[in-house]
Amino acid sequence: MLNNIGLMDSLTLWETWDDYDESVLVFWPNIVGIFNKKETAIVIELCNSKDGHKGTIGAKVCTEKNIVGWVNVNYLKKIT
């Protein structure tokens, strides 16, 4: 389980997770929902980037509102 207690008020949850080029965000998949600050979610799966770059690990989560999607784990502050 994890809590979104980072510095941002909310994080975008993506339909799928894959490595991406930050300068070309148009390649991201569809947005399925938002993971709000102080909300708790269950981690279903973790996925490393295909090319092994640091900092591109995604977590597939299910939020309190039963939204399932992927988020970059760099923005998450607490996992219990």
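These figures come from a predicted structure and were not determined experimentally. (Residues numbered from 1 in each chain as written. Predicted model: local features only at pLDDT ≥ 70, side-chain atom pairs only at ≥ 80, totals over all residues. Heavy atoms only, no water.)

**Student:** Could you give an account of the overall build of the protein, with specific residues and numbers?
**Tutor:** Across its full length, the protein holds zero helices and seven strands. The N-to-C order of helical and strand elements in the protein reads β-β-β-β-β-β-β. Looking at the protein as a whole, 31% of its 80 residues qualify as buried. When the accessible surface of the protein is totalled, it reaches about 5,300 Å², and 54% of it is carbon and sulfur. (Helix = DSSP H or I, 4+ residues; strand = E, 2+ residues; numbered from the N terminus. Buried < 20%, exposed > 50% of the residue type's maximum accessible area, 1.4 Å probe, protein only. Areas by Shrake-Rupley, 256 points an atom, 1.4 Å probe, with all protein chains shown as cover.)

**Student:** Go over a nonpolar patch on the surface with me, naming the residues and quoting the values.
**Tutor:** Among the surface-exposed residues, Ile 42, Ile 44 and Val 68 lie close enough to one another that they form a single nonpolar patch of about 250 Å² accessible area. Mapped onto the secondary structure, Val 68 falls in strand β6 (residues 68–72). Val 68 sits in the partly exposed class, given a relative accessible area of 38%. (Patch = residues over 30% accessible without salt bridge, like charges linked within 9 Å, V, L, I, M, F, W, Y side chains within 5 Å. Salt bridge = Lys/Arg side-chain N within 4 Å of Asp/Glu carboxyl O.)

**Student:** Provide a residue-level description of unusual backbone geometry, including the pertinent values.
**Tutor:** For Lys 38, which is not glycine, the phi dihedral falls at a positive 70 degrees. Looking at where Lys 38 falls in the secondary structure, it is placed in the loop between β3 (31–36) and β4 (40–47).

**Student:** So what's going on with the nonpolar core? Which residues, and what values?
**Tutor:** Within the largest apolar cluster, eight residues are counted, these being Leu 2, Leu 11, Leu 13, Phe 35, Ala 41, Ala 59, Val 61 and Val 71. Residue assignment for this core shows that the elements contributing at least two residues are β2 (10–14) and β5 (58–63). (Core = buried A, V, L, I, M, F, W, Y, C linked by side-chain atoms within 4.5 Å.)

**Student:** Explain the pairing of β6 residue by residue, including any values.
**Tutor:** Along any regular strand, the residues point their side chains to alternate faces of the sheet. Across the five residues that make up β6, a large majority, four, are buried. Pairing analysis gives five bridges linking β5 to β6, with the strands arranged antiparallel. Bridge pairing in β6 places Val 61 opposite Gly 69. Hairpin remark: β5 followed by β6, antiparallel, with four residues in the connecting loop; positive phi at Asn 66, about 60 degrees. (Pairing = 2+ DSSP bridges.)

**Student:** Lay out the confidence of the model for the protein with the relevant residues and their values.
**Tutor:** Looking at the protein as a whole, the pLDDT averages 76, with 65% of positions reaching at least 70. Element-level pLDDT for the protein is lowest in strand β7 (residues 78–79), with a mean of 60, against a maximum mean of 90 in β5. (pLDDT = per-residue confidence, 0-100.)

**Student:** Lay out the environment of Ile 31 in plain terms, naming residues and giving numbers.
**Tutor:** For Ile 31, the location among the structural elements is in strand β3. Distance from Ile 31 to Thr 16, taken between C-alpha atoms, is 9.0 Å for residues 15 residues apart in sequence.

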